[in-house]
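Coordinates in review
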Amino acid sequence: AQSVTQPDIHITVSEGASLELRCNYSYGATPYLFWYVQSPGQGLQLLLKYFSGDTLVQGIKGFEAEFKRSQSSFNLRKPSVHWSDAAEYFCAVVHEPKTSYDKVIFGPGTSLSVIP
Amino acid sequence: DAGVTQSPTHLIKTRGQQVTLRCSPKSGHDTVSWYQQALGQGPQFIFQYYEEEERQRGNFPDRFSGHQFPNYSSELNVNALLLGDSALYLCASSTLRDTIYFGEGSWLTVV
């Protein structure tokens, strides 16, 4: 069965430091991958997505992610974290994309805290 | 172009009551899916509607039901509410030529 794992439940970084959030997926075919961010009391905001092509994907708010098929990974990175980046981050894979059976499988999330 | 819209934004219900949540898909989308996000967890797939029929379903009891209308909008109904049904309910829409988009969600509190 398809699944998404995010090994880090909680990460704390200092403002201005670099960030990498890990994501591993289990999916037989070429995956459609997303990273979402969720602030407390808010809905999901799409940071970036990967469907095909260049394996390094640029997103909003200075985030990027790299798809590595050999490692089944889609890690999220940011070179310099801002205090406003403190939030919950979800990695997700689309099961059977662009069919009538598509659905999103989410990882458990990584909570990011930023120290001033 | 409006994205996925959901209503109401927030609501409070009493245990044992019934609730109806509504979703309008993104323009051009014909498939609507519902997800439940409990506190501290990632969203979980409830079910999906396509051509006014339930196409697939996650691991949720029959108390959770839905409907899709000819204009592709959808409702999620939950009967006999339990305290554990308190969550953010997300609607997502998609189509064969486009990927999945999520709405802002409906926050349900059961007291």
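The structure we're discussing is the one just above.
Read on for a plain summary of the structure. Remember, it's a predicted structure, so these values are computed and weren't measured experimentally. (Residues numbered from 1 in each chain as written. Chains lettered and ligands numbered in written order. Predicted model: local features only at pLDDT ≥ 70, side-chain atom pairs only at ≥ 80, totals over all residues. Heavy atoms only, no water.)

What about the pairing of strand β8 (residues 64-68) of chain A?
All names here are of chain A. The cut-off we apply is this: A pair of strands is treated as paired once DSSP finds two or more bridges between them. Strands here are runs of E lasting at least two residues and helices are runs of H or I lasting at least four, both read from the DSSP assignment and numbered beginning at the N terminus.
Bridge analysis of strand β7 (residues 56-58) against β8 gives three bridges, and the strand direction is antiparallel. Bridge pairing in β8 links Leu 56 to Glu 66. Count of turn residues in the β7/β8 antiparallel hairpin: five residues, of which Lys 61 carries a positive phi of about 60°. As paired elements, β8 and strand β9 (residues 73-78) share five bridges and run antiparallel to each other. Note on β9: the bridge partner recorded for Glu 64 is Arg 77. Hairpin connection, β8 to β9: the antiparallel pair is bridged by four residues, and Ser 72 has positive phi, about 50°.

Some words on the nonpolar core
Rule in force here: Put simply, buried Ala, Val, Leu, Ile, Met, Phe, Trp, Tyr and Cys residues joined by side-chain atoms within 4.5 Å make one nonpolar core. Relative accessibility thresholds used throughout: buried, under 20% of the residue-type maximum; exposed, over 50%; partly exposed, between the two (1.4 Å probe, protein chains only). Only heavy atoms enter the contact rule, under which two residues are in contact if any of them lie within 4.5 Å.
Judged by nonpolar contacts, the single largest core of 28 residues is most densely connected at Leu 19, Trp 35, Leu 47, Leu 48, Phe 74, Leu 76 and Tyr 89 of chain A. Listing elements by their share of this core, those giving two or more residues are β2 (10-14), β3 (19-21), β5 (32-38), β6 (45-50), β8, β9, β10 (87-95) and β12 (110-115) of chain A. Those residues within four positions of Phe 74 of chain A in sequence are excluded, and the remaining contacts are Cys 23, Leu 33, Phe 34, Trp 35, Leu 48, Tyr 50, Ala 65, Glu 66, Phe 67 and Cys 91 of chain A. In this structure, Leu 11, Phe 47, Tyr 49 and Phe 64 of chain B belong to the second largest nonpolar core, which totals 20 residues.

So, the packing of aromatic side chains
Defined as follows: Aromatic pairing here means that ring centres of Phe, Tyr or Trp (its six-membered ring) are within 6.5 Å. Orientation follows from the plane angle: under 30 degrees is stacked, over 60 is edge-to-face, and everything else is tilted. Remark: a charge is flagged as sitting over a ring if the NZ atom of Lys or the CZ atom of Arg is within 6 Å of the ring centre and within 35 degrees of the ring normal.
Per the stated rule, a full pass over the model turns up 16 aromatic pairs over all chains. Relative to Phe 51 of chain A, the ring of Phe 34 of chain A lies with its centre 6.0 Å away and its plane at 85°, an arrangement referred to as edge-to-face. With Phe 34 of chain A in strand β5 and Phe 51 of chain A in the loop between β6 and β7, this pair connects stretches of sequence that are 17 residues apart. On the basis of an interplanar angle of 90° and a centroid distance of 6.4 Å, the ring pair of Phe 90 of chain A and Phe 106 of chain A is categorised as edge-to-face. You can see Phe 90 of chain A sitting in strand β10 and its partner Phe 106 of chain A sitting in strand β11 (residues 103-106), a full 16 residues away along the chain. Ring pairing ties together the aromatic residues Tyr 32, Phe 34, Tyr 36, Phe 51, Phe 90 and Phe 106 of chain A together with Tyr 35, Phe 45 and Phe 102 of chain B, which thus form one cluster. Between the NZ or CZ atom of Lys 26 of chain B and the centre of the ring of Tyr 101 of chain B, over which it lies, the distance is 5.0 Å.

Brief notes about the interface of chain B and chain A
What counts here: By definition, a salt bridge exists where a carboxyl oxygen of Asp or Glu is found within 4 Å of a side-chain nitrogen of Lys or Arg. Nonpolar residues are Ala, Val, Leu, Ile, Met, Phe, Trp, Tyr, Cys and Pro. Charged residues are Asp, Glu, Lys and Arg, and all others, Gly as well, are polar.
Counting residues at the interface gives 25 residues for chain B, matched by 21 residues for chain A. At the boundary of chain B and chain A, one finds zero salt bridges. Counting only elements with at least two residues in the side of chain B that touches chain A, the list comes to β4 (31-37), β5 (44-50), β6 (53-57), β9 (87-95) and β10 (98-102) of chain B. Broken down by element, the residue count for the side of chain B that touches chain A peaks at five residues, all from β10 of chain B. Residues of the side of chain B that touches chain A, tallied by class, amount to 11 nonpolar, 10 polar and four charged.

Digging into the sheet that holds strand β7 (residues 64-68) of chain B
Residues and elements named next belong to chain B. Quick reminder of the rule: All axes are obtained by fitting lines to C-alpha atoms, using only the stretch in contact for helices, and the reported angles, taken between N-to-C directions, cover 0 to 180 degrees.
Sheet architecture is open: four strands sit in the order β1-β3-β8-β7, paired in antiparallel fashion. The outermost strands of the open sheet, each flanked by one partner alone, are β1 (5-7) and β7. For this sheet, the mean inter-axis angle between neighbouring strands, taken without regard to orientation, is 20°. As judged from the five bridges shared by strand β3 (residues 19-24) and strand β8 (residues 74-78), these two strands associate in the antiparallel manner. Within the sheet, the bridge partner assigned to Arg 22 lies in β8 and is Glu 75.

Focus on the side chain of Ser 74 of chain B
Residues and elements named next belong to chain B. Heads up, the condition is: Definition of a polar contact: a pair of N or O atoms within 3.5 Å, with one able to donate and the other able to accept a hydrogen when the atoms are protein atoms, and with sequence-neighbouring residues admitted only if both atoms are side-chain atoms.
In this fold, Ser 74 is placed in strand β8. Under the relative-accessibility criterion, Ser 74 is labelled buried at 2%. Of note is the side chain of Ser 74, whose polar atom sits 2.9 Å from the side chain of Trp 34. At 2.9 Å, the side chain of Ser 74 forms a polar contact with the backbone oxygen of His 67. Every residue in contact with Ser 74, bar those within four places of it in the chain, is listed here: Leu 21, Arg 22, Cys 23, Val 32, Trp 34, His 67, Gln 68 and Phe 69.

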